[in-house]
Every structure is written in C-alpha cells, then in structure tokens.
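The chain contents come next:
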Amino acid sequence: MKIKNPALRLLYEYGVITVGCAIYALSFNWFFQPNNISMGGFTGIAQIINYYFPALPVGIMSIVLNIPLFYICVRMQGLKSLLASLYAMSIGSLMLDAIGAVHVFSPMDEPLLACIFGGVLLGASMGIMLTVGATTGGTELAARLLKYKLRNLSIGRLCLSIDVTVICLYALTFRSVSNALYGIVAMYISSLTMDTVVYGSINAKIAYIISGHSGEVAKRLLGLDLGITLLDGRGGYSGDRKQVLLCAFKRSQFAAVKATVTAIDPNAFIIVCEAHEVLGEGFGAYTPDSL
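Because the structure is a prediction, the values reported are computed rather than measured.

Caption draft 1: Spotlight on the packing of helix α9 (residues 214–223) against helix α10 (residues 254–264). Axis separation between α9 and α10 bottoms out at 10 Å; the angle between their running directions is 150°. Classified by the interaxial angle, the pair formed by α9 and α10 is roughly antiparallel. Here α9 runs over α10; the crossing is right-handed. Of the residues in α10, those in contact with Glu216, Val217, Arg220 and Leu221 of α9 are Val257, Thr260, Val261 and Ile264.

Caption draft 2: Spatial organisation of the nonpolar core. Counting residues in each nonpolar core, the largest one holds 37 residues, and the members touching the most others are Ile17, Phe32, Leu122, Met129 and Met187. Listed by contribution, the elements that provide at least two residues to this core are α1 (6–32), α2 (41–52), α3 (58–77), α4 (83–102), α5 (111–130), α7 (155–174) and α8 (177–200). Tallying contributions element by element places α1 first for this core, with eight residues. When near neighbours in sequence (up to four residues on either side) are disregarded, methionine 129 contacts Ile17, Gly20, Cys21, Ala88, Ala134 and Thr136. In this structure, Leu221, Cys247, Val257 and Ala268 belong to the second largest nonpolar core, which totals 13 residues.

Caption draft 3: A look at the packing of α1 against α5. For the pair α1 and α5, the least separation of the axes is 8 Å and the interaxial angle reads 160°. Judged on the interaxial angle alone, α5 and α1 are roughly antiparallel. Crossing of α1 over α5 shows left-handed handedness. Contacts between α1 and α5 involve Val16, Ile17, Gly20, Cys21, Ile23, Tyr24, Ser27, Phe31 and Phe32 from the first element and Ala114, Phe117, Gly118, Gly119, Leu121, Leu122, Ser125, Met126, Ile128 and Met129 from the second. Class assignment for the residues of the contact of α1 with α5 results in 14 nonpolar, five polar and no charged.

What counts, and at which threshold
Residues numbered from 1 in each chain as written. Predicted model: local features only at pLDDT ≥ 70, side-chain atom pairs only at ≥ 80, totals over all residues. Heavy atoms only, no water. Axes fitted to C-alpha atoms, helices over the stretch in contact; angles between N-to-C directions. Helix = DSSP H or I, 4+ residues; strand = E, 2+ residues; numbered from the N terminus. Parallel < 35°, antiparallel > 145°, perpendicular 65-115°, else oblique. Left-handed = near helix turned anticlockwise from the far one by under 90°. Contact = heavy atoms within 4.5 Å. Core = buried A, V, L, I, M, F, W, Y, C linked by side-chain atoms within 4.5 Å. Buried < 20%, exposed > 50% of the residue type's maximum accessible area, 1.4 Å probe, protein only. Nonpolar A, V, L, I, M, F, W, Y, C, P; charged D, E, K, R; others polar.

Now the structure itself:
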C-alpha cells in the first residue's frame, strides 16, 4: 500500500508489524509450544534453553539471543533500517510470553494439524512483517542478510534452511524424532506461506496473443492501460508473417484481457503464462534490498 503522508505511512507500517507479531505469538502458544514442535530459528533455540532452565521465558531468551545478530546488522546496515525489526522483535517476544501467561493452550490430539496450521500462521506473520521491511530477528533477519549474497533463493527457502538446522538440534535435545519431523513440515509450510505473502502480491501473468487483427487488439488493450510489445512472428505451417502481442498484466485483469481479445477476434490464439515477478511501470521496482 502506497501512503504519501509520512506520519500515516509510519502508523500503517507499525500497525502491520503489531498485527504480525500477534499472529506470530498466537501460532507459538497455540500450536508449537503445547505440542512440543520446534519453530526453528532463535525461538527454537530459546525453547531448548527453556527446557533445561524453565525459569527463563522463551520470549525473553529470544530477545537476548537476538542482541548479537542485531549488533552485527546495525554495523552493516545502520540503525535506521533496523528500527522496525527491533520493534517487531521486542513486541513479538513480549506478546509471546504475555499470551502464554494469560492462557495455556492444551495439546492437540492430532500433532499434524498443529504443524499445518501453526506453519500457515507463522509464515503469514513473517510474510506480513517482511512486506513492510521488518522481521522478528533470528532466522528472518539472518535470511535477509544472506539474501544479499544468495539472490537466486527466495526468502522462504533461506529461512527453511536455517530452521531445519535448529530443528535437528531440537530433536537431539528432546530425543523425539517425530516432533522434529513435525517441525520440519511446519517450517516447510511456513516457507511456502511466507513466499506467497511476500511474492504473491507482485505475481503477474504474461499473454502471447496471435491474431489477424493485432492492430485493433493492441489498440483496445492500450485503452485498458496495459503495456503492449509487438513481436514479429511467422506461422510454422503457413509461413505467413504475423504480429505477436506480448502483454503483462495483473491477475485481476485476466478476465478483462480475455474478454477484450475474444470480442475482437474469437479465433485469436492466446497463451497465458505465470510471471513470478514483473518490474517496471505499473508493477514492482527493483531496489538493492529487495526480497
């Protein structure tokens, strides 16, 4: 969401972070902790510490463990870029302990349901915060730093790699292979959900349109404020020269594009492909810290 007013934009971003933190804390207390499923990352490490030292709350330990990582990031990126993440880490960890103090959830009869729904909520919370440039620290912050070096990997996949390592340590601590496997399933679902939230909003479609009325089709699509590129083509069977229209559009415009083209030429040949990311006017813009 683009908000021009700086004060309103700041209020919106921190509101989104607060909602994300609440979902994060709820997923931990409802699905992960009562079913002994590791969340991975620093929260998973805090779970291990809490197992040996019950007097140390998981939320507070998450903050303590994050301090060295935030120090490194401040040295590399500066404090201003990490203020949102500092807020998210603090509020998320405090909410985590606060919900646990107010209500203790009972273990679920089906641990698989816990890891599925816990993974969805966790991934959604992380994705929501990443869309406004914040993380709760730990795995997400480390993955964001690794993203600068590993541009070909999505943020969800990087988080998954780190989390699986922590879950293996969790399995050794609790001597429970099944719970560790549930944790890996939860983290995998979390990474998919996170990628959907982070990248889903910029996904688009690309259409290749072959029509004998390409000029009229292009004119009508331009009238829909869509960008059109004309490609020279030749029929493989007939050898006739034709113009191929290349058009990128958002998912919500799919029906309008099909209706427009077929209204002009019912026999038009339309190939529609998924575009993972589209950069340019009307779509996203590249920045060095892009996810």
